[in-house]
Amino acid sequence: MNFSRYLLPAALLSAGMSGVESKMDPGNPHSSNAYDDADPNKILIRASTLPQNLLDALRALEKDSVMSEGLGLECTTALIKLRKEQWLDFTRHLTEWELKNTLDC
């Protein structure tokens, strides 16, 4: 899935400005690299869970007032509608693996 080269920076700026305005504590910086760390589970435990698919991400976006306010309600609503249509189109098609392993035809 691709992203808009205009919406991504706007979303990042919106989230950053929201944190600054609300004086949110950013926490301690992470100076280690998960790829180089001897025990990557230490970092993964602290990491937030990301959405597993586009639909989960859209559901999270629908609940995110910071993004809705930062990008604008009209833009956010249009983006969610467009991406939900893309998700539905994606789910209507069987993958090669599904055809091979799940159908008894």
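For every chain, the first residue of the written sequence is number 1, and numbering continues from 1 along that sequence. Only residues with pLDDT of 70 or above have their local features reported here, since the model is predicted, and side-chain atom pairs are shown and tallied only from 80 upward, although totals for entire chains, interfaces and linings are computed over all residues. Side-chain numbers here rest on the full set of heavy atoms in the structure, without hydrogens or water.

Bringing the pattern of salt bridges into the picture now. Whenever Lys or Arg places a side-chain nitrogen within 4 Å of a carboxyl oxygen from Asp or Glu, that contact is recorded as a salt bridge. One pass over the structure, following the stated rule, counts two salt bridges. Aspartate 56 is the salt-bridge partner of arginine 59, the closest N and O atoms lying 3.8 Å from each other. One end of the pair is arginine 59 and the other is aspartate 56, both in helix H3 (residues 54-63) and three residues apart, which spans about a single turn. A 1.4 Å probe rolled over the protein chains alone gives each residue an accessible area, and that area as a share of the maximum for its type sets the label: buried under 20%, exposed over 50%, partly exposed in between. On the accessibility criterion, aspartate 56 (30% relative accessible area) is partly exposed. Across the pair lysine 84 and glutamate 62 runs a salt bridge, and its minimum N-O distance is 2.8 Å. Placement of lysine 84 in helix H5 (residues 73-91) and of glutamate 62 in helix H3 is noted, with a sequence separation of 22 residues between them. Looking at lysine 84, the relative accessible area reads 30%, which means it is partly exposed. By definition, any uninterrupted DSSP run of H or I lasting at least four residues is a helix, any uninterrupted run of E lasting at least two residues is a strand, and each is numbered from the N terminus.

For the rest of this paragraph, the subject is the nonpolar core. Among the buried residues, those of types Ala, Val, Leu, Ile, Met, Phe, Trp, Tyr and Cys that are joined through side-chain atoms within 4.5 Å form a nonpolar core. Core analysis: the largest hydrophobic core is formed by nine residues, namely Ala11, Leu54, Leu55, Leu58, Leu61, Met67, Leu71, Ile80 and Trp87. Contributing elements (two or more residues each) for this core: H3, helix H4 (65-71) and H5. With four residues, H3 is the largest single contributor of residues to this core. The contact criterion used is simple: two residues touch if any of their non-hydrogen atoms lie within 4.5 Å. Discounting residues that sit within four places of it in the chain, isoleucine 80 has contacts with Leu58, Leu61 and Glu62.

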